[in-house]
Amino acid sequence: MFSKILIANRGEIALRILRACRTMGVGAVVAYSEADRDSLAAQLADEAICIGPADARRSYLYAPAVISAAVVTGCDAIHPGYGFLSEDAGFADVVRAHGLAFIGPSAEVLERFASKEATRRVLEAHGLRTIPGSGMLRDEAHALEEAERIGYPVLIKPSAGGGGKGMRLVKTPQELESTFKICRSEAKAGFGDDSLYMEKYLDESRHLEVQVAVDRFGNAIHMGERDCSVQRRHQKIIEETPSPALTEAARQELCSRAVRAIADAGYENLGTLEFLVDAKGDAYFIEINCRIQVEHPITEMCTGIDMVALQIKIAAGERLGMTQADVVSRGHAIEFRILAEDPGNDFRPQDGQILGYLAPGGPGVRMDTHIYPGYDVPSYYDSLLGKLSVWAPDRATAIARADAALRELLVDGITTNIDLHRAILANEVFIDGKVTTNLLDRVGSAPFVAAGNR
Amino acid sequence: MPQDRQARTERDHKAISDLADDLLPALIARLAASGLGEIEVREGEWKARLRKPAGADDRKVAGRGPVDGRSAHGIPPGRGPAAGTAYVAVEDRERLAREQQQARDLADAPIVATSPAVGVFAPRKDLAIGMRVRAGDRLGTVDVLGVREDVVAPVDGVVGLSLTEAGEAVEYGQELIRIELPENSRGLEVNGADREAAAVLGEA
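Note on numbering: residues in each chain are counted from 1, in written sequence order. Key to labels: chains lettered from A, ligands numbered from 1, both in the order written. Residues qualify for local features only when their pLDDT is at least 70, as the model is predicted, and side-chain atom pairs are given and counted only at 80 or more; totals for whole chains, interfaces and linings, by contrast, use all residues. Side-chain measures were taken over the full set of non-hydrogen atoms in the model, leaving aside hydrogen atoms and water.

Looking at this structure, I do not really get the overall build of chain B. What am I missing?
Here a strand is any run of E in DSSP of at least two residues, a helix any run of H or I of at least four, and the numbering for each starts at the N terminus. Across its full length, chain B carries 2 helices and 12 strands. Overall, chain B shows an N-to-C arrangement of helices and strands of α-β-β-β-α-β-β-β-β-β-β-β-β-β. Per-residue burial for chain B yields a buried fraction of 41% across its 204 residues. A separation threshold of at least 6 residues defines the contact pool for chain B, and within that pool the share at least 24 residues apart is 66%. Working definition of accessibility: Shrake-Rupley area with a 1.4 Å probe, residue cover restricted to the visible protein chains. Accessible area for chain B stands at about 10900 Å²; split by element, carbon and sulfur atoms hold 51% of it. Three exposure classes are used, based on accessible area relative to the maximum for each residue type with a 1.4 Å probe and protein chains only: buried under 20%, partly exposed in between, and exposed over 50%. Residues count as neighbours in contact if any of their non-hydrogen atoms are within 4.5 Å of one another.

Put into structure tokens, the structure is as follows:
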């Protein structure tokens, strides 16, 4: 096992990793930017080190600063969290070159799964169905040709992207002609790589993902699926497990096929395979996330597995220490992303000081957050203030507990989406478990915002 | 007597030039780094007072800048010498008394060269306390995985106490070396309210 881990991230996930380290008896150093000096992780850590200014490109995204911080503080591993450098094969390689361990898949594995388009081909070869799509698009003419073959509507996606960023829905050839160049330049600006591919757009689909873990010895388990269909502009807002859309047989089928395919493809460490499930219940693989995910707590609540600890163990070369038969998922869990944004004002991100904060409690309630009264929410990073996760033996009770917890949760001084969550919870489509990814965008957020203000 | 007169004039010119070279840049830097609107120091028969033009206090504008006070010890961009206009003013006693404490606090706030990166610190070989440096002069380096980044003096001044040992690990923005006001400003006392001095950079 490692003796000391550098936590190269911020916000709630930095705190989550710190907690895992403490639980495991492993030392931890929190690396923070100047804007995060007062963050909870930096405050609570036994050791914290400032790696650069607020601008992430010069701190959390700047590999030399992160690695240098690990070296000078005597760490033997780096945990990248999610976002930032977490799936950067080049970074993982340089970390190793400095004699440190990267907590995640090896550089080779990250490299192999770096391109979404190539990943789809690999996993297709290992038995997963993928959405009809194109290879890399050479130019506009090629894009038009491919769109014709696949059939409109199509999604144009940056190969290097993630989290729904930089995607464009195109319904006609005219639209394609006018957006293709924009997509290229957006991909170039956003991800430093302008390669694009195209996928058939499934109108009424759900977003499901399967959580897997593979050790270096090829032992693999899945920890069930998560349903992340409540989205706004491709950004997840609410996640739950198990998915209300799957029968037990369909769940077993999807999860076991996913874990078999990814193990056969030589994957390593924690990973999430994302699928779109159409109205008929057919699941199409779309991409893999080679890191811990924001919504991991709901899987932890149902399985009882500390996933960050498991991730660290695998990176340290240890065995999973369990088989699929040992993974038992109980009850139902729902996570709500508490965001500093104003639903009544086009979801504009908010910053400023948290004047008051009160965490909810009660059975099956978990709050992962880095905020506290007096904390200044910096404007430099994403708007995630925290995650409220609720567990109950069944879905209806989980919804009831969630509503009670959301009512208790107090974040004062800054506008949040707490009321929007309550409005979604109260919506029949959600209660019936029939949310599709386009719901919020199709009906618009306005009814929910209005209901939330009542 | 003409000879005495000439000697006095030369002395004055030298004093004025020293003030302009050594004292003013340091004062301007301190004024810029502080939240004060005005600062005054006196030496012998000379008194210098600097005041920011109304509205020039950009602290509030930059209110959501670095959380860390340390990084503000250098001259922040746009707050260099041009940001504060120095001129002569005669002030009422009450205000001077009130500002006396503020100025004293300010004089106590050290100016420090900070680390440009996280790494291992190495001072310049010939660095010694009392050495005169100009703003931007290299005082040492921080080794970031074999790449050296310069530690520079934030203002003109004199090298003071080193706050970090050679070979020590430092974080971004860490205070490394104090920069004192120049030699000839030592012993400067903060404005005494009993004396209304007349001029800065002019004849008394």
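Continuing now.
Help me out: how do you make sense of the overall build of chain A in this one?
A tally of helices and strands in chain A yields 16 helices and 22 strands. Out of the 454 residues in chain A, the part that is buried amounts to 57%. For chain A, the proportion of contacts with a sequence separation of at least 24, taken over those separated by at least 6, is 66%. Here chain A displays about 17300 Å² of accessible surface, and carbon together with sulfur accounts for 50% of that area.

Explain the packing of aromatic side chains here, please?
What describes a pair of aromatic rings is the distance from one ring centre to the other and the angle between the planes of the rings. Residue and element names in this part refer to chain A. Only the six-membered ring of Trp is used, alongside the rings of Phe and Tyr, when aromatic pairs are assigned; centres must lie within 6.5 Å, and planes under 30 degrees apart are stacked while those over 60 apart are edge-to-face, with the rest tilted. Tallying each qualifying case throughout the model produces 7 aromatic pairs over all chains. Ring centres 5.7 Å apart and planes at 75 degrees place the aromatic pair Tyr60 and Tyr381 in the edge-to-face group. Of this pair, Tyr60 sits in the loop between β3 (47-52) and α3 (63-72) while Tyr381 sits in the loop between β20 (376-377) and β21 (384-392), and the two are 321 residues apart along the sequence. Tyr381 shares its class with Tyr60; the two are buried. Taking 5.4 Å as the distance between ring centres and 50 degrees as the angle between the ring planes, the aromatic pair formed by Tyr372 and Tyr375 counts as tilted.

Explain the interface of chain A and chain B to me, please; I cannot follow it from the model alone.
Interface size is commonly expressed as the accessible surface area that is lost when the partners come together. In this assembly, 28 residues from chain A lie in contact with 17 residues from chain B. Together chain A and chain B conceal approximately 1500 Å² of surface at their shared face, both sides included; 55% is due to carbon and sulfur atoms. Whenever a carboxyl oxygen of Asp or Glu lies within 4 Å of a side-chain nitrogen of Lys or Arg, that contact is scored as a salt bridge. The interface formed by chain A and chain B holds 0 salt bridges in total. Any N or O atom pair separated by 3.5 Å or less is treated as a polar contact, with the protein-specific requirement of one donor-capable and one acceptor-capable atom, and with residues adjacent in sequence counted only for side-chain atom pairs. Counting the contacts that link chain A with chain B gives 4 residue pairs in polar contact (both at pLDDT 80 or more). Classes in brief: Ala, Val, Leu, Ile, Met, Phe, Trp, Tyr, Cys and Pro nonpolar; Asp, Glu, Lys and Arg charged; the others, Gly included, polar. Split by residue class, the side of chain A that touches chain B holds 17 nonpolar, 5 polar and 6 charged. By buried area we mean how much accessible surface two parts lose on assembly, using a 1.4 Å probe and totalling the loss over both.

Whenever I open this one, the confidence of the model for chain B confuses me. Can you help?
A low pLDDT means the predicted coordinates there should not be read in detail. All names here are of chain B. Confidence scores per residue from the predictor, reported as pLDDT, run from 0 to 100. Across chain B, the average pLDDT comes to 68, with 46% of residues at 70 or higher. Across chain B, element-level confidence peaks in strand β10 (residues 169-170) with a mean pLDDT of 98 and bottoms out in strand β3 (residues 85-86) with 36. With pLDDT under 50 throughout, residues 54-90 is counted as low confidence; its partners more than four residues away or in other chains account for 65 contacts. Note that pLDDT drops below 50 for residues 186-204; the model gives that stretch 40 contacts with residues more than four away or on any other chain.

Any chance you could explain the side chain of Asn417 of chain A here in plain terms?
All names here are of chain A. Mapping Asn417 onto the fold places it in the loop between β22 (410-412) and α13 (418-426). A residue is classified by how much of its surface remains accessible, and Asn417, at 1% relative accessible area, is buried. Here Arg337 takes part through its backbone oxygen, which lies 3.1 Å from a polar atom of the side chain of Asn417. Of note is the side chain of Asn417, whose polar atom sits 2.9 Å from the backbone nitrogen of Leu339. When neighbours within four sequence positions are excluded, Asn417 is seen to be in contact with Ile237, Arg337, Ile338, Leu339, Glu341 and Pro343.

What am I meant to see in the pattern of salt bridges here?
A pair can form between side chains of opposite charge whenever their charged atoms are brought close. Residue and element names in this part refer to chain A. Per the stated rule, a full pass over the model turns up 34 salt bridges over all chains. Between Arg291 and Glu87 there is a salt bridge whose closest N-O contact spans 2.8 Å. Here Arg291 is found in the loop between β13 (283-289) and α10 (296-303), whereas its partner Glu87 is found in the loop between β4 (77-79) and α4 (89-97), with 204 residues between them in sequence. Salt-bridge contacts for Glu199 lead to Lys157; the nearest nitrogen and oxygen are separated by 3.2 Å. Residue Glu199 is located in strand β8 (residues 196-200), and its partner Lys157 is located in strand β6 (residues 154-158); the two are separated by 42 residues in the primary sequence. Judged by its relative accessible area of 4%, Lys157 is buried. Shared partners join several salt bridges into a network, and the residues in it are Glu209, Arg226, Lys236, Glu239, Glu274, Glu295 and Arg337.

I tried to follow the packing of α3 of chain A against α4 of chain A on my own but got confused; where do I start?
Two quantities define a packed helix pair, namely the angle between the helix axes and the distance between the axes. Residues and elements named next belong to chain A. One way to put it is that α3 packs onto α4 with a least axis distance of 11 Å and a crossing angle of 30 degrees. One way to sum up the angle between α3 and α4 is to call them roughly parallel. Between α3 and α4 lies a crossing whose hand is right-handed. Touching Ala63, Val66 and Ile67 of α3 are Phe91, Val94 and Val95, all from α4. For helices, the fitted line uses only the C-alpha atoms of the stretch in contact; every axis is such a line through C-alpha atoms, and the angle between N-to-C directions lies from 0 to 180 degrees. When describing relative orientation, an angle under 35 degrees is termed roughly parallel and one over 145 degrees roughly antiparallel, while 65 to 115 degrees is termed roughly perpendicular and anything else oblique. Note on convention: near helix rotated counterclockwise from far helix by under a right angle means a left-handed crossing. Clockwise means right-handed.

Help me out: how do you make sense of the sheet that holds β4 of chain A in this one?
Sheet strands line up and pair through hydrogen bonds in the backbone, either parallel or antiparallel. Residue and element names in this part refer to chain A. In short, DSSP must find at least two bridges between two strands for them to pair. What the 5 strands build is an open sheet, ordered β3-β2-β1-β4-β5; its pairing is parallel. This sheet does not close on itself; its edge strands, each paired only once, are β3 and β5 (101-102). When β4 meets β5, the two strands line up parallel, connected through 2 bridges. Along β5, the bridge assignment pairs Ala77 with Ala101.

I keep staring at the nonpolar core and nothing clicks. Help me out?
One broad trend across soluble globular proteins is that nonpolar side chains are buried collectively. Residues and elements named next belong to chain A. Think of a nonpolar core as a cluster: buried Ala, Val, Leu, Ile, Met, Phe, Trp, Tyr and Cys residues, connected wherever their side-chain atoms sit within 4.5 Å. Membership of the largest hydrophobic core comes to 93 residues, with the highest contact counts inside it found for Leu6, Ile78 and Leu273. Counting residues per element, this core draws most heavily on helix α1 (residues 11-24), which supplies 7 residues. Where each domain starts and ends comes from a domain assignment, either automatic or drawn from a database. Two domains share this core, each providing at least three of its residues, namely domain 1 (4-103) and domain 3 (206-453). When residues no more than four places from it in sequence are discounted, the contact partners of Leu273 are Leu123, Leu128, Leu208, Glu209, Val210, Val212, Ala258, Ile262, Phe285, Glu287 and Ile288.

Explanation requested: unusual backbone geometry in the structure shown.
Negative phi is the rule for most residues except glycine; trans is the rule for most peptide bonds. Residue and element names in this part refer to chain A. Omega for the peptide link from Tyr152 to Pro153 comes to -5 degrees, which places this bond in the cis form. By the secondary structure assignment, Pro153 is in the loop between α7 (140-150) and β6. Note that the residue after Thr241, namely Pro242, is joined by a cis bond; omega there is -5 degrees. The phi dihedral of Arg233 is positive, around 50 degrees, even though this residue is not glycine.

Would you take a moment to explain the environment of Ile49 of chain A for this structure?
For Ile49 of chain A, the position within the fold is in strand β3. Sequence separation between Ile49 of chain A and Ser33 of chain A is 16 residues; the distance between their C-alpha atoms is 8.5 Å. Setting aside residues no more than four positions away along its own chain, Ile49 of chain A makes contact with Leu6, Val29, Val30, Ala31, Tyr32, Ala69, Val72 and Thr73 of chain A together with Val118 and Glu171 of chain B.

Hey, could you run me through the sheet that holds β8 of chain A in this one?
Residues and elements named next belong to chain A. Pairing within the open sheet is antiparallel, and its 3 strands lie in the order β7-β6-β8. For this open sheet the edge positions go to β7 (168-170) and β8, each flanked by a neighbour on one side alone. Neighbouring strand axes in the sheet, compared pairwise and without regard to direction, differ in orientation by 30 degrees on average. The pairing of β6 with β7 spans 3 bridges and is classified as antiparallel. Paired with Val154 across the strands is Val170, a residue of β7. Set on the sheet, α7 makes contact with β6 and β8; between it and β8 the angle comes to about 20 degrees. Sheet strands in contact with helix α8 (residues 173-191) are β6, β7 and β8, and its direction is about 170 degrees off that of β7.

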